Amino acid sequence: MIGLPETVEKRLLFIGRKDAGKSRLIRNFIAEEIAQSGYSLFETKKVVRLHPYGLNVIIDCEDIETLLTPSNEITSYAEERISSTDFIIVIIDGRGRLTESEKETLYYLSECRTPFLVAVNKIEFGVNEELLKDLKSLDVNHFEISCGENVGIDALKARMIRMLP
């Protein structure tokens, strides 16, 4: 892409269940860049400039199911992906409860060194109180967002920037 230096400063990984809103969150996260570059979410590891911060990042996305074995154990593939990432955003559909795969992933992320945040998406439909209790019991930072209405995404992005190593 024209104007970006050869080196990339940070790697971001978006993790979530199918239909949790990963693609839409990425679109909202880098909306200005998409308009300029014709960005396709089918192209993984895309280098973009994170506005308004001027930070160059590699954006990547992963279905949570690909990180776990059928018995919900973290795979070596997941360990490699997570350890090679600078920051992770876990997207959770706010209408339901945490699945076992989400719980295991959050537990694993809490134990490793890679900083992460949880984005509870689809708040325009309401947020399941049991989900919020589950997140509180796991002691994870979360933001309530709506990708459909573009609510809370700037606050999530700003917090991520402050937490980046």
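Because the structure is predicted, anything quoted here is derived from the model rather than measured.

Regarding the overall build of the protein
- Looking only at helices and strands, the protein features six helices and six strands.
- Listing each helix as α and each strand as β along the protein from the N terminus yields β-α-α-β-β-α-β-α-β-α-β-α.
- Out of the 165 residues in the protein, the part that is buried amounts to 46%.
- Surface summary for the protein: the accessible area is close to 8,600 Å², and the carbon and sulfur share equals 47%.

Considerations on unusual backbone geometry
- Positive phi outside glycine occurs at lysine 122, with the angle close to 70°.
- Within the secondary structure, lysine 122 sits in the loop between β5 (116–121) and α5 (129–138).
- Its identity is not glycine, yet aspartate 139 carries a phi of approximately 55°, on the positive side.
- Topologically, aspartate 139 is positioned in the loop between α5 and β6 (142–144).
- For aspartate 139, a relative accessible area of 70% corresponds to the exposed category.

Points about the pattern of salt bridges
- Enumeration according to the criterion identifies nine salt bridges in this entry.
- Here aspartate 134 ties to arginine 97 by a salt bridge, and the two come within 3.1 Å at their closest N and O atoms. Here aspartate 134, found in helix α5, pairs with arginine 97, found in the loop between β4 (87–93) and α4 (100–111); they are 37 residues apart in sequence, far enough to count as distant.
- The buried category is assigned to aspartate 134, whose relative accessible area is 11%.
- Taking the relative accessible area as the measure of exposure, arginine 97 reaches 42% and is therefore partly exposed.

Side note on the packing of aromatic side chains
- Counted by the stated rule, this structure contains one aromatic pair.
- Ring geometry for phenylalanine 14 against phenylalanine 29: centres 5.4 Å apart, planes inclined by 85°, an arrangement best described as edge-to-face. Within this pair, whereas phenylalanine 14 is found in strand β1 (residues 10–16), its partner phenylalanine 29 is found in helix α1 (residues 22–29), the two being separated by 15 residues in sequence.

As for the packing of α1 against helix α6 (residues 153–163)
- The contact between α1 and α6 brings their axes to 10 Å, and the two run at 80°. As summarised for this structure, α1 and α6 are arranged roughly perpendicular, according to the angle between their axes. Here Leu25, Asn28 and Phe29 of α1 lie close against α6, whose contacting residues are Ile153, Leu156, Lys157 and Met160.
- Class assignment for the residues of the contact of α1 with α6 results in five nonpolar, one polar and one charged.

Observations concerning the nonpolar core
- By size, the foremost hydrophobic cluster in this structure holds 24 residues, and its most contacted members are Leu12, Phe14, Leu25, Phe29, Ile89 and Met160.
- Where this core is concerned, the elements lending two or more residues are β1, α1, β2 (46–50), β3 (55–63), β4, β5 and α6.
- Within the second largest apolar cluster, 20 residues are counted, among which are Ile15, Ala78, Val90 and Phe116.

Quick look at the environment of isoleucine 26
- With respect to the helices and strands, the residue isoleucine 26 is situated in helix α1.
- Sequence separation of isoleucine 26 and aspartate 60 is 34 residues, and the distance between their C-alpha atoms is 9.0 Å.

Digging into the pairing of β5
- Extensive coverage of β5 is indicated by the burial of six of its six residues.
- Side chains Phe116, Val118 and Val120 project from β5 onto one buried face, and the interleaved Leu117, Ala119 and Asn121 project onto a second face that is buried too.
- Two strands pair when backbone bridges link them, and β4 and β5 are joined in this way by six bridges, in the parallel orientation. Looking across to β5, one finds that isoleucine 91 is bridged to alanine 119.

Here is what the cut-offs are and how they apply
- Here the residue numbers are simple positions, counted from 1 along each chain's written sequence.
- Residue-level local features of this predicted model are given only where pLDDT is at least 70; pairs of side-chain atoms are given and counted only at 80 or more, and the full residue set underlies all totals for whole chains, interfaces and linings.
- Water and hydrogen atoms play no part in the side-chain values, which are based on all heavy atoms of the structure.
- The helix count covers DSSP runs of H or I at least four residues long, the strand count covers runs of E at least two residues long, and both are numbered beginning at the N terminus.
- For every residue, the accessible area obtained with a 1.4 Å probe (protein chains only) is divided by the maximum for its type, and the residue is called buried under 20%, exposed over 50%, and partly exposed between those limits.
- In these tables, accessible area is a Shrake-Rupley quantity obtained with a 1.4 Å probe, and a residue counts as shielded only by the protein chains included in the view.
- The rule for a salt bridge is simple: a side-chain nitrogen of Lys or Arg has to be within 4 Å of a carboxyl oxygen of Asp or Glu.
- A pair of Phe, Tyr and Trp rings is counted when the ring centres sit within 6.5 Å of each other, with Trp represented by its six-membered ring. The angle between the planes then sorts it: under 30 degrees is stacked, over 60 is edge-to-face, the rest tilted.
- In this analysis an axis means a line fitted to C-alpha atoms, helices contributing only their contacting stretch, and an angle means the value between N-to-C directions, from 0 to 180 degrees.
- Each angle gets one of four labels, with under 35 degrees taken as roughly parallel, over 145 as roughly antiparallel, 65 to 115 as roughly perpendicular, and the rest as oblique.
- Any two residues whose heavy atoms approach within 4.5 Å at even a single point are treated as in contact.
- Under the grouping applied here, Gly and all other residues not named as nonpolar or charged are polar, the nonpolar ones being Ala, Val, Leu, Ile, Met, Phe, Trp, Tyr, Cys and Pro and the charged ones Asp, Glu, Lys and Arg.
- Grouping buried Ala, Val, Leu, Ile, Met, Phe, Trp, Tyr and Cys residues that are joined through side-chain atoms within 4.5 Å yields what is termed a nonpolar core.
- Only when DSSP finds a minimum of two bridges between them are two strands counted as paired.

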